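Now for the letters of each chain:
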Amino acid sequence: MTSKQTADLFKQGTLELLILRLLSSTSLNGWDIMQRIQLTSGDVLSVTPGALYPALHRLEARGLISATWRQSDNNRKAKFYGLTARGRKQLETQRKEWERFSAAVELILRDA
Amino acid sequence: MNLSSLLRRWRALVHKSQLEAELDDEMRFHLERDIEQNIQNGMTPADARYAALKAFGAMDQSKEECRDARGVGPLENTLRDITYSLRVLLKSYAFTIVVVLTLALGIGANTAIFSFANGILLLSQVLTMDEVVARSIWQPRLYAMLFAVFAGGALLLALIGIYGVMAFLVQTRTHEIGVRMALGATARDVFKLIVGRGMKLTIIGVLIGVAGAIALTRLMHSLLFNTSATDPITFVAISLLLSLAAFLACYLPARRAAKIDPLVALRYE
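Treat the numbers as computed from the prediction; the structure is a model and nothing was measured.

1. Digging into the overall build of chain A
Here is step 1 of the chain: The helix and strand inventory of chain A stands at 4 helices and 3 strands.
Here is step 2 of the chain: The order of helices and strands in chain A, counted from the N terminus, is α-β-α-α-β-β-α.
Here is step 3 of the chain: Counting all 112 residues of chain A, 38% fall into the buried class.
Here is step 4 of the chain: Summing over all exposed atoms, chain A offers an accessible surface of approximately 6,700 Å²; the carbon and sulfur share of this is 56%.

2. Focus on the overall build of chain B
Here is step 1 of the chain: If you tally the helices and strands in chain B, you get 12 helices and 0 strands.
Here is step 2 of the chain: Secondary structure elements of chain B, listed N to C terminal, follow the sequence α-α-α-α-α-α-α-α-α-α-α-α.
Here is step 3 of the chain: Residues classed as buried in chain B amount to 37% of the 269 residues present.
Here is step 4 of the chain: A fraction of 80% describes how many contacts in chain B between residues 6 or more apart in sequence connect residues 24 or more apart.
Here is step 5 of the chain: On chain B, roughly 15,900 Å² of surface is accessible, and the fraction owed to carbon and sulfur atoms is 68%.

3. Considering a nonpolar patch on the surface
Residue and element names in this part refer to chain A.
Here is step 1 of the chain: A grouping of Trp 98, Phe 101, Val 105 and Leu 109 is seen on the molecular surface, where their side chains present a nonpolar patch of about 390 Å² in accessible area.
Here is step 2 of the chain: Examined against the element boundaries, Trp 98 turns out to sit in helix α4 (residues 85-111).
Here is step 3 of the chain: Take Trp 98: its relative accessible area is 33%, and that puts it in the partly exposed class.

4. Some words on the packing of aromatic side chains
Here is step 1 of the chain: Following the criterion strictly, the structure yields 4 aromatic pairs over all chains and no others.
Here is step 2 of the chain: A centroid spacing of 5.8 Å and a plane angle of 40° characterise the contact between Trp 98 of chain A and Phe 101 of chain A, whose relative ring orientation is tilted. On the criterion of helical spacing, the pair formed by Trp 98 of chain A and Phe 101 of chain A is a turn pair, its members being 3 residues apart in helix α4.
Here is step 3 of the chain: On the accessibility criterion, Phe 101 of chain A (42% relative accessible area) is partly exposed.
Here is step 4 of the chain: Aromatic side chains Phe 247 of chain B and Tyr 251 of chain B sit 6.4 Å apart centroid to centroid with 45° between the ring planes, which places their arrangement in the tilted category. With a gap of 4 residues between them, Phe 247 of chain B and Tyr 251 of chain B both fall in helix α11 (residues 232-258), about one helical turn apart.
Here is step 5 of the chain: Taking relative accessible area as the criterion, Phe 247 of chain B reaches 30% and is therefore assigned partly exposed.

5. Quick notes on the sheet that holds strand β1 (residues 28-29) of chain A
Residues and elements named next belong to chain A.
Here is step 1 of the chain: Taken in spatial order, the 3 strands line up as β1-β3-β2 in an open sheet, and their pairing is antiparallel. This sheet does not close on itself; its edge strands, each paired only once, are β1 and β2 (65-71).
Here is step 2 of the chain: Bridge analysis of β1 against strand β3 (residues 77-83) gives 2 bridges, and the strand direction is antiparallel. By the bridge assignment, Leu 28 is partnered in β3 with Tyr 81.
Here is step 3 of the chain: Helix α3 (residues 49-61) contacts β2 and β3 of the sheet and is inclined by roughly 55° relative to β3.

Basis of the calculations
Residues numbered from 1 in each chain as written. Chains lettered and ligands numbered in written order. Predicted model: local features only at pLDDT ≥ 70, side-chain atom pairs only at ≥ 80, totals over all residues. Heavy atoms only, no water. Helix = DSSP H or I, 4+ residues; strand = E, 2+ residues; numbered from the N terminus. Buried < 20%, exposed > 50% of the residue type's maximum accessible area, 1.4 Å probe, protein only. Areas by Shrake-Rupley, 256 points an atom, 1.4 Å probe, with all protein chains shown as cover. Contact = heavy atoms within 4.5 Å. Patch = residues over 30% accessible without salt bridge, like charges linked within 9 Å, V, L, I, M, F, W, Y side chains within 5 Å. Salt bridge = Lys/Arg side-chain N within 4 Å of Asp/Glu carboxyl O. Phe/Tyr/Trp six-rings, centres within 6.5 Å; stacked < 30°, edge-to-face > 60°. Pairing = 2+ DSSP bridges. Axes fitted to C-alpha atoms, helices over the stretch in contact; angles between N-to-C directions.

Everything listed is a geometric property; what it means functionally is a separate question.
See the structure below:
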């Protein structure tokens, strides 16, 4: 595996984790998810629709999130995604993995 | 794969148009929401629209990736390929009839003749010496040899027929292949297209040929001994042999098709 592929996989995994986390408190549509990632990260992180929607459909296909159509706040029908029970479990696992990973990186950065 | 994801895939396959519409709606909602926000931020409607489209990027590619995520891509593509080739075949009766008849004749004649030769040349030798001496078999043997020669000839003719037809097919579709390659089909895709078409025709030909051969071998039943007129091993072996031969006959034209330069092909009339 080349370093570029690793970086892509890493990014994809991170995006999934972020989506799962955002959906854990409330169900959101794609546009909301994009806004929240950008706002909550203080404009540091941003995701393009070209990356977000395929990721959402993949998560839906894996049964981690489920979608319903309902009215959005601008009075138009939008596809809202919410976490399934399996998604909630997956969020816990991925979150722990992420914490372990970042703690390890942190250790090396501080003490090496 | 669990049940719910199977159900989702099934839904994706059966309710394709509904899902396509939902995919369109989802993307459109995103764009409209972006446009609204841009207008709120003080852009003119035209600028807002332009900026939103630009921020979205390649929408068709995103949609394609969403479809792929549902995991019905290959199956759906195969179904489309099959309906397309059936439509083309139905549109050109004469061509289809010639191809299928060539194959059917080749296969029918070969099966019949090899059944006969098999019965006489191979199986009749499983006899004791006494039986061999007792039976004066030089005459049937001569027939069998003759038949074997004819069968070889028929096989060769069938091969040349298939090759000619496939080469002709590639030539008539040069322009179309050029378009496909210009739109992103790889050499492998084109190769698969040509060989796939050839093999579909072969299968139809084999089925008709086998039916014809069964009828024909019944007539020759009196000439056979120790083997039934509808010996399944012979039929399977001949069908396989001819399918293999047909594959080889498709292989060369397909390789040529895969090497077509789209630039040249697009200007080709």
